[in-house]
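# Coordinates in review
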Amino acid sequence: MIVKLKRNANQTDVTHLKEHLRNQGFELHESIGTSYSIFGVVGDTASFDMRSLYAYECVESVVRVQEPFKKVNRKFTQEDTIIDVNGVRIGGDNIVVMAGPCSVESKEQVDIIAKAVKEAGAKILRGGAFKPRTSPYSYQGMGVEGLQILKEAGDKYGMPIISELMSTENIDDFLQYVDIIQVGARNMQNFHLLKELGKLDKPILLKRGFSNTIEEWLMSAEYIMAGGNNNVILCERGIRTFEPYTRNTLDISTIPVVKKLSHLPVIIDPSHAAGKWDYVESLSLASIAAGADGLIIEVHHDPEHAMSDGAQSLKPKKFEELMTKAETVSSAVGKTLER
Ligand code: PEP
Ligand code: MN
């Protein structure tokens, strides 16, 4: 951390500031200029609220040089993290595709979609049973029965399952039925939920909130890892911008940025980014080309009658076509999409 002092700073105030920093266990390297003085503050500043220094009148500006996240940081773990979900490896040189309906609607619906996505080469089955809907009058999901339906299909087709958890009260059900717990965009900063998930060892797919910075997202991952759960998968699903042609704007630059900052796998959700099925293929291929570790895609055999997100759901045939192209792009960037 670097602290720049104001020109003509009051020396008593500066002495108090120095004492304060030394009392926190930091070492100070002073550089005194004719106009400005600067302190290099050395030590572990991760838990230090650097903005608190602006309370000192002598402080002009404070700049952090160390990222506030540790366990998530590639500086601490150089190797890519690979998360093994019942034999499906997420991260490294693999491209993993998760697919399924936005919402679990019935046993028949899940069975049809699971069979189709499995045949096309998806490795993990997705489906929402607890739905975070903007309107309380929209379909809210089947609850625990939905998880049971998903698990049954997962067992039948040999696919681990992923579903979104909204509340700590359902953790036991998720431990019983689900292989990857999804934290949705709206809950990315539900710190109580994140802390509870930190106590588990189940993989967590942490979506980026639609108005959150990359650093805030990585700090949320840090919450889970700080609790002891290292099995964190990051998921970019589009952020809110001024552009209405798409539901969200897929922030493709998160891929190289997060890959540089962190060792955790990055999965892209082109469905919630696009909001329309006919943009999903391009965004998927671009994501793999940019270095993503996989995709999570909404698929529905009858999207016109889907209970949620039909507009962005691919029909099985389109999904299969996407998978063929995704396989080609994967090998072009030296990765393998096993089907
Ligand atoms: C979902 O995956 O169906 C979902 C609601 O995602 P998000 O949290 O990204 O909106
Ligand atoms: Mn959805």
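Source: prediction; values computed, not measured.

### Section: the pattern of salt bridges
Overall, the coordinates contain 22 salt bridges when judged by the stated rule. Between lysine 75 and glutamate 67 there is a salt bridge whose closest N-O contact spans 2.8 Å. Taking the shortest distance from any N to any O, the salt bridge between arginine 208 and glutamate 236 comes out at 2.9 Å. Of this pair, arginine 208 sits in the loop between strand 11 (204-207) and helix 6 (214-226) while glutamate 236 sits in strand 12 (residues 232-236); the two residues are 28 residues apart in sequence, bridging distant segments of the chain. Across this residue pair, the class does not change: arginine 208 and glutamate 236 are buried. Sharing partners across several salt bridges, the network here consists of Lys18, Arg22 and Glu30.

### Structural notes on the site of ligand 1
Surveying the vicinity of ligand 1 reveals 13 residues, the closest of which are Arg126, Ala185, Arg186, Lys207 and Arg237. Contacts to ligand 1 include arginine 186, whose side-chain N or O atom sits 2.9 Å from an oxygen atom. The fraction of the free accessible surface of ligand 1 (300 Å²) that becomes covered by protein chains is 97%. Residues of the shell around ligand 1, tallied by class, amount to 3 nonpolar, 3 polar and 7 charged.

### Things to note about the coordination of the manganese ion (ligand 2)
For the manganese ion (ligand 2), the protein coordination sphere consists of Cys102 (SG), His272 (NE2), Glu298 (OE) and Asp309 (OD), at 2.0 to 2.4 Å. Within one chain, the residues serving as donors to the manganese ion (ligand 2) are arranged as C-x169-H-x25-E-x10-D. Of this pair, histidine 272 sits in helix 8 (residues 270-274) while glutamate 298 sits in strand 14 (residues 294-298), and the two are 26 residues apart along the sequence. Summarising the burial analysis for this pair, histidine 272 and glutamate 298 share the class buried.

### A short note on the environment of histidine 305
Within the element layout of this structure, histidine 305 appears in the loop between strand 14 and helix 10 (316-332). When the C-alpha atoms of histidine 305 and asparagine 94 are compared, they prove to be 34 Å apart, with 211 residues separating the residues in sequence.

### Quick notes on the sheet that holds strand 3 (residues 37-42)
The strand order across the open sheet built from 4 strands is 2-3-1-4, with neighbouring strands paired in antiparallel fashion. One side of each edge strand has no neighbouring strand; the edge strands of this open sheet are strand 2 (27-32) and strand 4 (59-63). Averaged over all pairs of adjacent strands, the angle between their axes in this sheet comes to 20°, without regard to strand direction. Inspection of the sheet shows strand 2 paired to strand 3 by 6 bridges, in the antiparallel sense. In the sheet register, serine 31 faces strand 3, and the bridge partner there is isoleucine 38.

### Focus: the environment of methionine 225
Mapped onto the elements, methionine 225 comes out in helix 6. Residue classification places methionine 225 among the buried residues on the basis of a relative accessible area of 3%. Here the alpha-carbon distance between methionine 225 and lysine 70, two residues 155 residues apart in the chain, equals 9.3 Å. Those residues within four positions of methionine 225 in sequence are excluded, and the remaining contacts are Lys71, Val72, Asn230, Val232, His263 and Leu264.

### Focus: unusual backbone geometry
Although it is not a glycine, asparagine 8 sits at a positive phi angle of roughly 55°. Within the secondary structure, asparagine 8 is located in the loop between strand 1 (2-5) and helix 1 (11-23). Notably, asparagine 86 is not glycine yet its phi reads approximately 45°, a positive angle.

About the criteria used
Residues numbered from 1 in each chain as written. Chains lettered and ligands numbered in written order. Predicted model: local features only at pLDDT ≥ 70, side-chain atom pairs only at ≥ 80, totals over all residues. Heavy atoms only, no water. Salt bridge = Lys/Arg side-chain N within 4 Å of Asp/Glu carboxyl O. Helix = DSSP H or I, 4+ residues; strand = E, 2+ residues; numbered from the N terminus. Buried < 20%, exposed > 50% of the residue type's maximum accessible area, 1.4 Å probe, protein only. Near = heavy atom within 4 Å. Polar contact = N/O pair within 3.5 Å; in protein donor to acceptor, adjacent residues only side chain to side chain. Areas by Shrake-Rupley, 256 points an atom, 1.4 Å probe, with all protein chains shown as cover. Nonpolar A, V, L, I, M, F, W, Y, C, P; charged D, E, K, R; others polar. Donors = N, O, S within 2.8 Å, 3.2 Å for Na, K, Ca; no water. Pairing = 2+ DSSP bridges. Axes fitted to C-alpha atoms, helices over the stretch in contact; angles between N-to-C directions. Contact = heavy atoms within 4.5 Å.

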